Amino acid sequence: MAEKKKKKYDWYKNPVVEDLPEGSFSYMLTKEMVAQYREAVDDPSALFPTIAGKHDGKPKSTVYEGDGAQVNTRTMVECFNPPIPGKKLTVTGRVAGRYIWRGRQYIATEATCTDEDGRLIDRQASIHMARAEEVGKKWQ
């Protein structure tokens with residue numbers, strides 16, 4: 001199957017808030033994934049292995065080509081129902097906003113994860129500084 005061509009993200013022309021249904025994805029959470037996560041965080045009872053997936057970035061990167069270096073400046077995760085191994089998880093995402101602060105561009109992304117029964121698992125959101133390579137120029 002041919003990979004769909006990604007679109008160019010235009011800071012000034014794209015909608016400020018944009019749902020990305022074509023960036024949605026699903027996967028089966030396995031017992032092995034849960035065990036691997038618990039081992040990585042050194043917590044045998046850790047309940048939310050979905051945190052490690054950083055779901056909020058994938059919908060945008062699936063739809064749009066990269067536009068240079070970005071720095072993650074903030075991540076927020078709300079956990080609602082622990083995922084059940086063996087259930088299919090579906091992630092939907094969106095660009096939640098963008099703004100300029102102190103002359104730098106920032107973009108906010110969000111994702112919602114639900115299981116095959118419609119239970120809300122978690123919501124993740126991040127803010128990234130776009131064109132982060134500009135930051136290092138002040139030391140040159």
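Everything quoted here is computed from the prediction, not taken from an experiment.

(A) The overall build of the protein, seen in detail. Within the protein one finds two helices and six strands. Here the C-alpha coordinates of the protein stretch approximately 45 × 35 × 30 Å along the principal axes. By residue count, 34% of the 140 residues in the protein fall in the buried class. In the protein, of all internal contacts separated by at least 6 residues, the share reaching a separation of at least 24 is 71%. Of the accessible surface of the protein, which amounts to about 8,800 Å², a share of 54% is contributed by carbon and sulfur atoms. If you average the places of the 23 positive and of the 20 negative side-chain charges in the protein, the two averages end up 6 Å apart.

(B) Up close: the packing of aromatic side chains. Applying the stated criterion to the full structure yields four aromatic pairs. Measuring from ring centre to ring centre gives 6.3 Å for F25 and Y27, while their planes differ by 20 degrees; the resulting arrangement is stacked. A connected cluster of aromatic rings, assembled from ring pairs, spans Y99, W101 and Y106. The residue whose ring lies beneath K58 is F25, and the NZ or CZ to ring-centre distance is 4.4 Å. Cation over ring: K60 sits above Y9, and NZ or CZ is 4.8 Å from the ring centre.

(C) Local environment of the pattern of salt bridges. In this structure the tally under the stated criterion is five salt bridges. Residues R123 and E78 are paired through a salt bridge, measuring 3.9 Å at the closest nitrogen-oxygen approach. With R123 in strand β6 (residues 120–129) and E78 in strand β3 (residues 71–79), this residue pair connects regions lying 45 residues apart in the sequence. A residue is classified by how much of its surface remains accessible, and E78, at 43% relative accessible area, is partly exposed. Across the pair E110 and R94 runs a salt bridge, and its minimum N-O distance is 2.8 Å. Linking E110 in strand β5 (residues 104–115) with R94 in strand β4 (residues 88–101), this pair joins segments that are 16 residues apart in sequence.

(D) Structural detail: the environment of R38. Counting through the fold element by element, R38 comes out in helix α1 (residues 31–40). The exposure class assigned to R38 is partly exposed, which follows from its relative accessible area of 28%. Separated by 10 residues in sequence, R38 and F48 have C-alpha atoms that sit 9.1 Å apart. Each residue touching R38, except ones within four places of it in the same chain, is listed here: D43, P44, S45, A46 and L47. Separated by 2.8 Å, the side chain of R38 and the backbone oxygen of A46 make a polar contact.

What counts, and at which threshold
Residues numbered from 1 in each chain as written. Predicted model: local features only at pLDDT ≥ 70, side-chain atom pairs only at ≥ 80, totals over all residues. Heavy atoms only, no water. Helix = DSSP H or I, 4+ residues; strand = E, 2+ residues; numbered from the N terminus. Buried < 20%, exposed > 50% of the residue type's maximum accessible area, 1.4 Å probe, protein only. Contact = heavy atoms within 4.5 Å. Areas by Shrake-Rupley, 256 points an atom, 1.4 Å probe, with all protein chains shown as cover. Lys, Arg positive; Asp, Glu negative; His and termini not counted. Charge placed at Lys NZ, Arg CZ, Asp CG, Glu CD. Phe/Tyr/Trp six-rings, centres within 6.5 Å; stacked < 30°, edge-to-face > 60°. Lys NZ or Arg CZ within 6 Å of the ring centre and 35° of its normal. Salt bridge = Lys/Arg side-chain N within 4 Å of Asp/Glu carboxyl O. Polar contact = N/O pair within 3.5 Å; in protein donor to acceptor, adjacent residues only side chain to side chain.

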